Amino acid sequence: MNSSTAQARVIVDELVGNGVRHAVLCPGSRNAPLSFALHQAEQKGLLTLHVRIDERSAGFLALGLAKTGTPAVVTCTSGTAVANLHPAVIEAQLTGVPLIALTADRPVDLYRTGASQTINQYDVLGLPTLHLPEAADEPTTRSLICRAIATPGPTHVNVPFRPPLTPDDSSWPSSDRTPWTATDRTFTVETRPSDLPPRTLVLLGDDHPDRLRGASELGWPVIAEPTAPGGLRHGSLLLNAGLPAHLQPDAVLVVGRVTLSRGQQALLRQTKIVHAVGDQAKWPDVQFTASRASTWLPEPAELDGEWAQAWQSTVKNVSVAVDELLDAEPWPTGLHVARDLTQAMPSGSLLFVGSSNPIRDVDHVGERRPDITVHANRGAAGIDGSVSTAVGLAVTHQGPSYALMGDLTFLHDINGLLADHRPDLTIVVLNDDGGGIFSLLEQGAPEYGGSFERIFGTPHGTDLAALCAGYRIPHSTMDGQEEFRSALARPEGLRVVEVQAKRHGLRTLHQSLKSTVSTIFAR
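Parameters and conventions
Residues numbered from 1 in each chain as written. Predicted model: local features only at pLDDT ≥ 70, side-chain atom pairs only at ≥ 80, totals over all residues. Heavy atoms only, no water. Helix = DSSP H or I, 4+ residues; strand = E, 2+ residues; numbered from the N terminus. Buried < 20%, exposed > 50% of the residue type's maximum accessible area, 1.4 Å probe, protein only. Contact = heavy atoms within 4.5 Å. Areas by Shrake-Rupley, 256 points an atom, 1.4 Å probe, with all protein chains shown as cover. Lys, Arg positive; Asp, Glu negative; His and termini not counted. Charge placed at Lys NZ, Arg CZ, Asp CG, Glu CD. 1 Å grid on protein atoms, 1.4 Å probe; cavity = no way out; pocket = protein on both sides within 12 Å on 5 of 7 lines; lining within 4 Å. Points joined across faces, edges and corners; volume = space filled by probe spheres on them. Nonpolar A, V, L, I, M, F, W, Y, C, P; charged D, E, K, R; others polar. Pairing = 2+ DSSP bridges. Right-handed = clockwise from strand over helix to strand, strands pointing away. Arc of directions from axis to C-beta. Expected span 1.5 Å × (residues − 1). Core = buried A, V, L, I, M, F, W, Y, C linked by side-chain atoms within 4.5 Å. Axes fitted to C-alpha atoms, helices over the stretch in contact; angles between N-to-C directions. Phe/Tyr/Trp six-rings, centres within 6.5 Å; stacked < 30°, edge-to-face > 60°.

Chemist: So what exactly am I meant to see when it comes to the overall build of the chain here?
Modeler: Within the chain, the secondary structure is distributed over 18 helices and 19 strands. Taking the principal axes of its C-alpha atoms as reference, the chain extends roughly 80 × 55 × 40 Å. Buried positions account for 55% of the 523 residues belonging to the chain. Counting only contacts in the chain whose residues sit at least 6 apart along the sequence, the fraction spanning at least 24 positions is 74%. Looking at the chain as shown, the accessible area adds up to about 21,400 Å², and 51% of this sits on carbon and sulfur atoms. Both charge centroids of the chain, one from 42 positive and one from 55 negative side chains, sit 2 Å from each other.

Here it is, written out as structure tokens:
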């Protein structure tokens, strides 16, 4: 057996022994040894292989596969193919997802010689690269793969291969499918008594699920972003409207990165005691307001039950008023779709929410349900790779899966529809023909109307139905609320549900939401 084939088979066998069950492959020449080895492992029933032609989409597919905490692999050839994995690796790094970028390389003696498809791949993905020696012996290869698996978050494993790159036999390494070096990836949550005051408000952002779950159960009122468990419905709306005196906290406990609401940041600036919880030297503190930081959760010494009840009552009143406001508005807007989707999904569903307006719409008006799981790419909060991430999550989810995203997000990763494994996933696309989120920002003010459409609105006029037909993906357009809700029955296969909306009036609608909450406060 030639050395490249032998090393590739040992790499794949050790990945399987460490629990890897999904690998994403982008075809190439230099990674041919890995391609053959992964296919052989799939034929043996050791893992599921996903094949993609676009490295950027492949990286985000692997990100989705790994989001639940089980490492997943994406592999590609040398050269610029490696650089196209960078966006997914950035997202994985900021959110601690165990994504393994397994890249093939030319032998180092070909660096700086003008050899084709050869770049310096050392640390090219912004991570310390684990370089496997060329034709390394089996113990070295297995040990280094275990080290990569044990590294928190994403890892980059770079392997130089020398021809021949094709197999000359069909043998497979003899192993007992256990790790060469056993490591413990368990995440533990510690709580300690604290002196935080009875009127403490908890803000939950993007963080490890166990830590978020522990923080949501401390007993204080909780405002959670959609990807965090629990939380009061419309919590961000309350903060954006400016809390009245009787709801103001004496302290704020921040767990995870809170990034969706300017009201959150305003609250942190005006609160004297801010306790941030995060990993060592990585506590969340965008406003530089943290007065305390820890790696553990503070337990309340006592709770103010009357204050907590005031929060509950206010949220109940706001919920009624917001629903009445939306019911009086013509359907659809992004807010309507977010509310209807989160209410109509079957129990046990998974929801992936794209960045920009959809995640904020869900945050503002979405139903808070303990029987559904919500994911989003909130590390770098980009719109890239959303279709692929949603597909990866759906592949591993035991139940119906949904995704909500805008038209630009959908178009940005249209190649994500090139799926060889098509899970039961309904992708809901809110198509307002451009960048709706900019309508709500400073550049969306009336005084900038002369330039807005050209440089921010960017209408594209794309026929999404025709695009989906080209990818042989079922597509339907929803014209009414009841039709839309009916379309959310348990999905079968990969399909796209499009809801067409208008961007004009969006800014006014959001201002009405804020005014509605302020009116509740004034009662």
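Continuing now.
Chemist: Can you walk me through the layout of surface pockets in this structure?
Modeler: It is a probe the size of a water molecule, rolled over the atoms, that shows where empty space is left. Considering only enclosed or pocket space, the second largest pocket measures out at about 750 Å³ in volume. For the second largest pocket, the lining is made up of 21 residues, of which Asn-240, Arg-262, His-364, Leu-440 and Leu-441 are closest to its centre. Elements that contribute at least two residues to the lining of the second largest pocket include exactly helix H8 (235–241), helix H9 (262–270), helix H12 (357–365) and helix H18 (506–522). Per-element accounting of the lining of the second largest pocket gives the leading share, 5 residues, to H18. Residue composition of the lining of the second largest pocket, grouped by class: 6 nonpolar, 9 polar and 6 charged.

Chemist: Explain the pairing of strand E2 (residues 48–51) to me, please; I cannot follow it from the model alone.
Modeler: Residues in a regular strand point their side chains to alternate faces of the sheet. Pairing geometry for strand E1 (residues 22–25) and E2, over 4 bridges, is parallel. When the sheet's bridge partners are listed, Ala-23 is paired in E2 with Leu-49. Chirality of the crossover, the property in question, places the unit of E1, helix H2 (residues 32–43) and E2 among those that are right-handed.

Chemist: Help me understand the environment of Ser-388, please; the structure alone is not making it clear to me.
Modeler: Structurally, the position occupied by Ser-388 is in helix H13 (residues 386–396). The buried category is assigned to Ser-388, whose relative accessible area is 2%. The residues touching Ser-388, leaving out its near neighbours within four places in the chain, are Ser-57, Phe-60, Leu-61, Asp-413 and Gly-416.

Chemist: Is there a simple way to think about helix H7 (residues 209–216) in this case?
Modeler: Because an α-helix packs 3.6 residues into every turn, residues spaced three or four apart end up facing the same way. For H7, the complete set of buried residues consists of Arg-211, Leu-212, Gly-214 and Ala-215. Buried residues of H7, viewed axially, fall in a sector of 160°; they line one side. Each element contacted by the buried residues of H7 is listed here: strand E8 (200–204), strand E9 (222–224), strand E10 (251–255), strand E11 (273–277) and strand E13 (297–299).

Chemist: Can you help me understand H2 in this one?
Modeler: Between the first and last C-alpha of H2 there are 16 Å, a value that for 12 residues agrees with the 16 Å anticipated at 1.5 Å per step. In this structure, the buried residues of H2 make contact with helix H1 (3–17), E1, E2, strand E3 (72–76) and strand E4 (99–105).

Chemist: I keep staring at the nonpolar core and nothing clicks. Help me out?
Modeler: In this structure, Leu-203, Trp-311, Leu-341 and Phe-484 are the most contacted members of the largest nonpolar core, which totals 55 residues. Sorting elements by how many residues they give to this core places helix H10 (residues 305–328) first, with 8 residues. Setting aside anything within four residues of it in sequence, one finds Phe-484 in contact with Trp-331, Val-337, Asp-340, Leu-341, Val-428, Met-478, Val-497 and Val-499. Core analysis: the next-biggest nonpolar cluster, separate from the first, contains 45 residues, Val-24, Leu-99, Ala-403 and Ile-473 among them.

Chemist: It is not clear to me how the side chain of Arg-211 should be interpreted in this structure. Could you clarify?
Modeler: Mapped onto the elements, Arg-211 comes out in helix H7. By relative accessible area, Arg-211 is classed as buried at 4%. Beyond its immediate sequence surroundings of up to four residues, Arg-211 is in contact with Phe-187, Val-189, Val-255, Val-277, Gly-278, Asp-279, Thr-295 and Leu-297.

Chemist: What is the right way to look at the sheet that holds strand E6 (residues 155–160) in this model?
Modeler: Here 6 strands make up an open sheet; going across it, the order is E2-E1-E3-E4-E6-E5 and the pairing parallel. A single partner strand is all that each edge strand has here, and the edge strands are E2 and strand E5 (130–131). Note: E4 against E6, 6 bridges, orientation parallel. The residue of E6 that forms the bridge with Ile-100 is Thr-155. Most of the contacts of H2 go to E2, to which it runs at about 135°, and overall it touches E1, E2, E3 and E4.

Chemist: Please explain the packing of aromatic side chains as it appears in this structure.
Modeler: For any pair of aromatic rings, the description rests on two quantities: the centre-to-centre distance and the angle between the ring planes. Tallying each qualifying case throughout the model produces 4 aromatic pairs. An angle of 50° between the planes, with centres 5.5 Å apart, marks the rings of Phe-438 and Phe-456 as tilted. Of this pair, Phe-438 sits in the loop between strand E17 (425–431) and helix H15 (449–457) while Phe-456 sits in helix H15, placing them 18 residues apart in sequence. By relative accessible area, which is 28% here, Phe-438 ends up partly exposed. Among the residues examined, Phe-456 registers a relative accessible area of 23% and is labelled partly exposed.

Chemist: Quick question: what am I supposed to make of the environment of Ser-116 here?
Modeler: Tracing the backbone through its elements, the reader meets Ser-116 in the loop between E4 and E5. Ser-116 gets classed as exposed once you look at its relative accessible area, which sits at 56%. The spacing of Ser-116 and Ser-78 is 38 residues in sequence and 9.6 Å in space, taken between C-alpha atoms.

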